[in-house]
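# Structure at a glance
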Amino acid sequence: MANFYTDNEDLKFHLGHPLMQKIVALKERNFKDAGKCEIAPRDFEDAMDNYDRVLEIVGDICGNVLAENAESVDHEGPEVIDGRVKYAAGTQQNHDILTQAGLYGMSLPREYDGLNFPMVPYVMAAELVSRGDGGFANIWGLQDCAETIHEFASEEQKRQYLPRAAKGDTYAMDLTEPDAGSDLQSVQLKATYCEKDGKWYLNGVKRFITNGDAHISLVLARSEEGTHDGRGLSMFIYDKANGGMTVRRIENKLGIKGSPTCELVFKDAPAELVGERKLGLIKYVMSLMNGARLGVGAQSVGIAEAAYREGLKYAQERRQFGKAIIEFPAVYEMLTNMEAKLQAARSVLYETSRFVDMYKAYTHIANERALNKEEREEMKKYQKLADIFTPLLKLFSSEYANEIAYDALQIHGGSGFMKDYPIERLVRDARITNIYEGTSQLQVVAAIRGVTTGQFLKQIREEYEQTSIRPEQEYVREILKGMTGAFEAAVTKVTAVGESEYVDFHARRLVEMAGYIILGYLLLIDSQRCDRFAKSAEIFVKYGQAKVAGYAAFINDFELKDLGMYKK
Amino acid sequence: MKGLKIVVLAKQVPDTRNVGKDAMKADGTVNRAALPAIFNPEDLNALEQALRLKDTIEGTTVHVLTMGPGRAAEIIREAMYRGADGGYLLSDRAFAGSDTLATSYALSCALRNLEYDLIICGRQAIDGDTAQVGPQVAEKLALPQVTYAEDIQKCDGKIVTIKRRLERGIEVVTCPMPCVVTVNGSAAPCRPRNARFVMKYKNAKGTQEAQDANEDYFALVNERPYLKLTEWSVNDIQSNPADLGLSGSPTKVKNIESVVFQAKEAKVLSGTDAELDAMMKELITNHTIG
Ligand SMILES: Cc1cc2nc3c(=O)[nH]c(=O)nc-3n(C[C@H](O)[C@H](O)[C@H](O)COP(=O)(O)OP(=O)(O)OC[C@H]3O[C@@H](n4cnc5c(N)ncnc54)[C@H](O)[C@@H]3O)c2cc1C
Ligand SMILES: Cc1cc2nc3c(=O)[nH]c(=O)nc-3n(C[C@H](O)[C@H](O)[C@H](O)COP(=O)(O)OP(=O)(O)OC[C@H]3O[C@@H](n4cnc5c(N)ncnc54)[C@H](O)[C@@H]3O)c2cc1C
């Protein structure tokens, strides 16, 4: 009778962040539907009570169904029969139960049969699903595609494709091709417009597509003949019911084995254009990917939570040298660091979710009425923050999920290497998080802008550093201030050279330095509302301090000419 | 075929599955305060069978009938969270101390207030473990009954086809309607609570619960009458007072013993095939396994 929501107090804590008051009011347009719709909240408390109750359902299903099925799903996996995907039995059961519970279309407006939940509770549900089964989180999380349809498609398309989420239809995002992975500008799949019937037709191959046999797919395709870059790409909705697409094979993978990763062949598959031509990659996919990266953040935190718990439990039970191994410094240090990383990753997950909530709410309101100056400025501010925090979140949370799972396995000793314990699966499942939706290297490419333009520094100095901190924790802020100074000096040194390859070379270090400071502040600020985080704040900040000092020393001693030593 | 009217009998029970040290009081009775009150597990299986009929036969309604204290209205809400249309709480001091006979009598009197094509209940409750209430209700209403049901396979409005799970196999029977069906724990588990239904019905209250409610609740009930759950007292049913509650309960508990399991014996086997074989045979013969 495990409930993954109620057994983790940290979730309620993050759900209760002070900014939620504003987020909920914006999302609910000041509760204007209260009298009209019986599931619309009447006020802030009512809305929060809804989120809490619904998350309890999610936690129940994740603890008692998804987690119970995870092993058999990993073992059995999906298969392809006559060009169609058949899920493992457990995967199908997970999907059916979550559909019955009304947990698809969570963030969509009620008029499309959604629950109209903000990102924060939706992302929290994603974290819970991931703790239950990291692979299944993909199939569930692809409801993000509906969010993109909601944002950019026509009203008619919205009416047609959005309510299907609540009915259990699944989604896929078809971007990657054999020759277009990190570099999506090289997408080749062809979209041809047929004058006769006024329809678009897709021809070509997609690779590595999660849940590729979904009912509804968003496909990135080259609509402009003769073009070779991102500006020739458009986005299409493909409905499987119309035929023209088959699954050629599914990949045999290291982890997330329950999630079918498909190679798709499109042959004259009819599709509908979303929004405007040529904006496929530069506008719509960017938004889709940002949503999906937030999803991978949640997936990473969920897997990390599961792994941490496995490690902790094993360390308490296993005895060697006459005592529980958790009593050895080498083991308890691992666990304490794992916990601090987990809490830091979760903090930045919900901080980013709040930024996304704020700007998305304003974006949708802007479609209904003109925003006033103040609102426009807020929208811009949060959009910028969301843009730089999303890659930072994905980088840190996915790398931490791997580190936490790795250490949790290490704590299991030889048993960790065996299939008898869930930890080996968690290690395998974690491994994808820093690869798809853009590898960690590509997250750095996206986040470095926040470093070079000074946006991270601005957020640190003008927001986080200004928060009031309890006197007895003041020294933690002093450490963070010192780290910020070192970061600033390193950025100045690296950018002063004026050589882009030099910046690229140090980019990861710089982004990580910013990350240690930001995650440290977030934990420190969380600990003002709740004592439980004070320990992790101190531990994480001291850990970050050592990392930042190391990077600063490396950068300080590094000359432009040293690049040559590294070149292959 | 027109929609069916289904009544599910459900009970709120103390969760006796995960009992702690303080589950029993010193006098040998169940310490209800120490155990969380839950939806009797097999009643959830019964509800699922009803909801499946509602899914497939248009116009079908599912209502829950439960007898218990004011807080047992929670059972009706829990059923509505899963798709039931509503329910009735039978609650009065006059019902206190009911054994299975008095309970089935009170329930059958309440059922006379209702129209039904099918009455579905769980096989037995985890607190009393008698499995008597369903069959007794059937007898009192002079209805045919099908016990140990695992799946209601077909229903044409006049005849239901039901798969029964028996000790040594399965049996498929047909039965004229209306009838009483008691559902086994091996039947399909109940569907989860649905997010929309939870948001819609979370403020529903029974009459006794409403006594503690604030103005907001009454304002809301004005707009949404479905938030007022029907509660019946002894005056709302036609019954013979002598057959209710303690006076209607011939069962007398003479003595309750708190049995503490203690494994004292131990056998050490060396692990040869012959030894294991003998052990298996012994365990099967004395019904420890099999
Ligand atoms: C299980 C799984 C599921 C997937 N699901 C989907 C899906 O649903 N939809 C979809 O469209 N795609 C999906 N993908 C594809 C995934 O997004 C890509 O694999 C990923 O973007 C990396 O692309 P690639 O595999 O071609 O690697 P490459 O782009 O070839 O990268 C190889 C290496 O080079 C590095 N690299 C490349 N470019 C740069 C650069 N500019 N700077 C620094 N380093 C660089 C990368 O970091 C990486 O280490 C999935 C992949 C997997 C494995
Ligand atoms: C594939 C495989 C092949 C193997 N082959 C052989 C073989 O051929 N012959 C053989 O004899 N054994 C073999 N082993 C066993 C292997 O040597 C042990 O698994 C290993 O020594 C760890 O012991 P353990 O698994 O009991 O882990 P534990 O000793 O229980 O360790 C669990 C955790 O506690 C930590 N820990 C334990 N004690 C301390 C301490 N004092 N201080 C700090 N940390 C501590 C460990 O570092 C680890 O993180 C094999 C194991 C595997 C997985």
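Residues numbered from 1 in each chain as written. Chains lettered and ligands numbered in written order. Predicted model: local features only at pLDDT ≥ 70, side-chain atom pairs only at ≥ 80, totals over all residues. Heavy atoms only, no water.

## Comments concerning the pairing of strand β9 (residues 261-273) of chain A
Residues and elements named next belong to chain A. Pairing between strand β5 (residues 199-210) and β9: 8 bridges, direction antiparallel. When the sheet's bridge partners are listed, Gly204 is paired in β9 with Phe266. Pairing geometry for strand β7 (residues 233-239) and β9, over 2 bridges, is antiparallel. Bridged to Phe236 within β9 is Leu273. (Pairing = 2+ DSSP bridges. Helix = DSSP H or I, 4+ residues; strand = E, 2+ residues; numbered from the N terminus.)

## Description of the site of ligand 1
All names here are of chain A. Around ligand 1, a shell composed of 18 residues is seen, among which Thr176, Ser182, Phe208, Thr210 and Thr439 lie nearest. Take Met173: an N or O atom from its main chain is 2.8 Å from a nitrogen atom of ligand 1. One of the side-chain N or O atoms of Thr210 is found 2.7 Å from a nitrogen atom in ligand 1. Alone, ligand 1 offers 970 Å² of accessible surface; in the complex the protein occludes 65% of this. Only β5 and α15 (440-452) provide two or more residues apiece to the shell around ligand 1. For the shell around ligand 1, the element with the highest residue contribution is β5, accounting for 3 residues. Tallied by class, residues from the shell around ligand 1 come to 9 nonpolar, 7 polar and 2 charged. (Near = heavy atom within 4 Å. Polar contact = N/O pair within 3.5 Å; in protein donor to acceptor, adjacent residues only side chain to side chain. Areas by Shrake-Rupley, 256 points an atom, 1.4 Å probe, with all protein chains shown as cover. Nonpolar A, V, L, I, M, F, W, Y, C, P; charged D, E, K, R; others polar.)

## Quick word on the site of ligand 2
Residues and elements named next belong to chain A. Around ligand 2, 13 residues are found, and the nearest of them are Arg318, Phe328, Gln410, Ile411 and Gly414. Within the backbone of Gln410, a nitrogen or oxygen atom sits 2.8 Å from an oxygen atom of ligand 2. Contacts to ligand 2 include Gly414, whose backbone N or O atom sits 2.7 Å from an oxygen atom. Burial of ligand 2 by the protein chains amounts to 45% of its free accessible area of 970 Å². Of the residues that constitute the shell around ligand 2, the class distribution is 8 nonpolar, 4 polar and 1 charged.

## Topic: the sheet that holds strand β8 (residues 159-166) of chain B
Consider a sheet: its strands pair through backbone hydrogen bonds, and that pairing is either parallel or antiparallel. Residue and element names in this part refer to chain B. As summarised here, the arrangement of the 9 strands in space is β9-β8-β7-β10-β6-β1-β4-β5-β11, forming an open sheet in which the pairing is mixed. Because the sheet does not close on itself, it has two edges, and the strands there are β9 (169-176) and β11 (230-232). When strand polarity is set aside, the average angle formed by the axes of neighbouring strands in this sheet is 35°. (Axes fitted to C-alpha atoms, helices over the stretch in contact; angles between N-to-C directions.)

## Quick word on the interface of chain B and chain A
With 15 residues of chain B at the contact, the number on the chain A side is 25 residues. Taken over both partners, the interface formed by chain B and chain A buries close to 1,800 Å², and the fraction arising from carbon and sulfur atoms is 52%. Sorting the residues of chain B by area buried against chain A places Arg196, Met199 and Lys202 of chain B first, and these three jointly supply 35% of that buried surface. Summed over the shared surface of chain B and chain A, the number is 4 salt bridges. Its salt-bridge partner being Lys200 of chain B, residue Glu38 of chain A comes within 3.1 Å of it at the nearest N-O pair. A per-element tally of the side of chain B that touches chain A places helix α5 (residues 195-201) of chain B first, with 5 residues. Grouping the amino acids of the side of chain B that touches chain A by side-chain chemistry returns 7 nonpolar, 2 polar and 6 charged. (Contact = heavy atoms within 4.5 Å. Buried area = accessible area lost by both parts, 1.4 Å probe. Salt bridge = Lys/Arg side-chain N within 4 Å of Asp/Glu carboxyl O.)

## As for helix α17 (residues 474-496) of chain A
Residue and element names in this part refer to chain A. With 23 residues, α17 ought to run about 33 Å at 1.5 Å a step, and its terminal C-alpha atoms sit 33 Å apart, in line with that. Listed in full, the buried residues belonging to α17 are Val476, Arg477, Ile479, Leu480, Met483, Thr484, Phe487, Ala490, Val491 and Val494. Contacts from the buried residues of α17 go to α15, α16 (455-462), α18 (500-529) and α19 (534-556). Gly498, located one to two residues past α17, shows a positive phi value of around 70°. (Expected span 1.5 Å × (residues − 1). Buried < 20%, exposed > 50% of the residue type's maximum accessible area, 1.4 Å probe, protein only.)

## Points about the domain arrangement of chain A
Each assigned domain of chain A is listed here: domain 1 (171-280) and domain 2 (452-566). Its C-alpha centre places domain 1 of chain A at a distance of 40 Å from the equivalent point of domain 2 of chain A. (Domains from an automatic or database assignment.)

## Considerations on the nonpolar core
Formed by 176 residues in total, the largest nonpolar core has its most connected members in Leu103, Trp140 and Leu202 of chain A. In terms of residue count, helix α11 (residues 329-368) of chain A provides more of this core than any other element does, 18 residues in total. Split by domain, the residues of this core number at least three in each of domain 1 (171-280) and domain 2 (452-566) of chain A. Filtering out sequence-adjacent residues up to four positions away, Trp140 of chain A remains in contact with Leu98, Leu103, Tyr104, Met106, Tyr122, Ala125, Ala126 and Val129 of chain A. Core analysis: the second largest hydrophobic core is formed by 33 residues, Val62, Val64, Ala79 and Met177 of chain B among them. (Core = buried A, V, L, I, M, F, W, Y, C linked by side-chain atoms within 4.5 Å.)

## Overview of unusual backbone geometry
Geometrically, the link from Met177 of chain B to Pro178 of chain B is a cis peptide bond, its omega value of -5° lying close to zero. Position of Pro178 of chain B relative to the elements: it lies in the loop between β9 and β10 (179-183). A positive phi is found at Asn116 of chain A, a non-glycine position, where the angle reads about 55°. Tracing the sequence through the fold places Asn116 of chain A in the loop between α4 (89-100) and α5 (119-132). Owing to a relative accessible area of 8%, Asn116 of chain A belongs among the buried residues under this scheme. For Ala142 of chain B, which is not glycine, the phi dihedral falls at a positive 55°. Structurally, Ala142 of chain B can be placed in the loop between α4 (133-140) and β7 (145-155).

## Some words on helix α12 (residues 373-411) of chain A
Residues and elements named next belong to chain A. Spanning 39 residues, α12 covers 55 Å between terminal C-alpha atoms, matching the ideal 57 Å at 1.5 Å per step. Residue Asn372 occupies the N-cap position of α12, its side-chain oxygen lying 3.2 Å from the main-chain nitrogen of Glu374. Phi turns positive one or two residues past the end of α12, at Gly413, with a value near 55°.

## Section: the pattern of salt bridges
Between side chains of opposite charge, pairing is possible as soon as their charged atoms come close. Residues and elements named next belong to chain A. Per the stated rule, a full pass over the model turns up 70 salt bridges over all chains. Residue Glu127 is joined to Arg346 by a salt bridge in which the shortest nitrogen-to-oxygen separation is 2.6 Å. Note that Glu127 is positioned in helix α5 and Arg346 in helix α11, a separation of 219 residues in sequence. Like Arg346, Glu127 is buried.

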